[in-house]
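Secondary and tertiary structure notes
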Amino acid sequence: MKVAYIFATQKHTVSYVLGRMILPQLEEGRHGATVVGMFFFEDNNYVLLQGNPIGERLQRVASTNSILLMGCDQCCYERDIADRLLDGVPIGCFPDLYGALADNMPDQIITL
Amino acid sequence: MSCRACAKVEPWSVFACLERGLARRRLPPLAHAGRRVAAADGQWACFTLAVADNRLAEIRFNASPCSTLIACCEALAELNQSARLDVTPIVDTAVLLARLPGIPASKQERAVLAVAAWRAALAASTTMRAV
């Protein structure tokens, strides 16, 4: 099964659910589903900043497994970080997300 | 000596331009309408102008709902507000991007689209005034 994650809620979504569950599972190849994309809203975009340790691990896994990473453009502009994201991580909105996933559509989109 | 295009560039916040642009985008069009310019991916923009006393008295636009494109259109409108038409208005992508340094490279083609739409509006305005 192919899945995409949308990180919409804040609090511990990135530091706990992504950083301590999804990411280690992906690194160890035992997540249980094929992740094709991750999209980040609001403060969750800070994980995509250059130098963020979770983000850098995520970028390595994404590169190895062809996982799309994308930040919400308005959220990044509002936080003045749009031009400081990890190399190769684009910003965009739903048309960009669907367009980028068009050749590798997920079976499920999971909002966290 | 200074000119608007080469004066020291003061960066603007992309998000602030987006916020102001969303408001301007809701306004009805003005008399001098430029051609609607579209990109291959379907994004589009169109400026309309009001001209008085050989100046750009008012500038409005409409555009597809893309944050970067709306911010670029708004910045062009603000850069050229009240500009004299016998002095070359700012139509340069590099000047626009220098004003909005927060736009990442992957989105800078939106500035090119905004500038193309702006040029189309200026051309239409020139034609209208010549008739």
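Residues numbered from 1 in each chain as written. Chains lettered and ligands numbered in written order. Predicted model: local features only at pLDDT ≥ 70, side-chain atom pairs only at ≥ 80, totals over all residues.

On to the overall build of chain B. Tallying secondary structure elements over chain B gives four helices and four strands in all. Reading chain B from its N terminus to its C terminus gives the helix and strand order α-β-β-β-β-α-α-α. Classification of the 131 residues of chain B by burial places 37% in the buried group. When contacts within chain B are restricted to residue pairs at least 6 apart in sequence, long-range pairs at least 24 apart make up 64% of them. (Helix = DSSP H or I, 4+ residues; strand = E, 2+ residues; numbered from the N terminus. Buried ≥ 20, exposed ≤ 12 C-beta atoms within 10 Å, placed from the backbone. Contact = placed C-beta atoms within 7 Å.)

This next bit is on unusual backbone geometry. Non-glycine residue Lys11(A) carries a positive phi angle of around 50°. Mapped onto the elements, Lys11(A) comes out in the loop between strand 1 (2-7) and helix 1 (13-27). One non-glycine residue, Asn54(B), lies in the positive phi region at around 60°. Looking at the element boundaries, Asn54(B) is found in the loop between strand 3 (44-52) and strand 4 (55-63).

With that settled, consider the confidence of the model for chain B. On average, residues of chain B score 89 in pLDDT, and 89% of them reach the 70 mark or higher. No element of chain B has a lower mean pLDDT than helix 4 (residues 109-130) of chain B, at 87, and none a higher one than strand 2 (residues 37-38) of chain B, at 98. (pLDDT = per-residue confidence, 0-100.)

What follows concerns helix 2 (residues 67-80) of chain B. All names here are of chain B. Look at helix 2: 20 Å from first C-alpha to last across 14 residues, which is about the 20 Å you get at 1.5 Å a residue. Within helix 2, twelve of the 14 residues are buried, which leaves it mostly tucked inside the rest of the structure. Restricting attention to buried positions, one finds in helix 2 the residues Ser67, Thr68, Leu69, Ile70, Ala71, Cys72, Cys73, Glu74, Ala75, Leu76, Ala77 and Leu79. Directly after helix 2, the chain includes Ser82, whose backbone phi takes a positive value near 70°. (Expected span 1.5 Å × (residues − 1).)

Of all hydrophobic cores here, the largest spans 60 residues; its most connected members are Ala45(B), Leu69(B), Cys72(B), Cys73(B), Leu76(B), Ala114(B) and Ala117(B). No other element matches the nine residues that helix 2 of chain B contributes to this core. (Core = buried A, V, L, I, M, F, W, Y, C linked by C-beta atoms within 7 Å.)

Take the pairing of strand 1 of chain A next. Residue and element names in this part refer to chain A. As paired elements, strand 1 and strand 2 (residues 34-40) share six bridges and run parallel to each other. Across the sheet, the residue bridging to Ile6 is Phe39, located in strand 2. In this fold, the crossover linking strand 1 to strand 2 by way of helix 1 has right-handed handedness. Where strand 1 lies against strand 5 (residues 108-111), four bridges are found, and the strand directions are parallel. Bridge pairing in strand 5 places Ala4 opposite Ile109. (Pairing = 2+ DSSP bridges. Right-handed = clockwise from strand over helix to strand, strands pointing away.)

Glancing now at the sheet that holds strand 1 of chain A. In a beta sheet, neighbouring strands are held together by backbone hydrogen bonds and run either parallel or antiparallel to one another. All names here are of chain A. Strand order in the open sheet formed by five strands is 4-3-2-1-5, with parallel pairing between adjacent strands. The sheet is open, and its two borders are formed by strand 4 (91-92) and strand 5, each paired with just one other strand. Against the sheet, helix 4 (residues 94-101) makes contact with strand 1, strand 2, strand 3 (68-72) and strand 4, and its axis sits at roughly 175° relative to strand 3, the strand it touches most. (Axes fitted to C-alpha atoms, helices over the stretch in contact; angles between N-to-C directions.)

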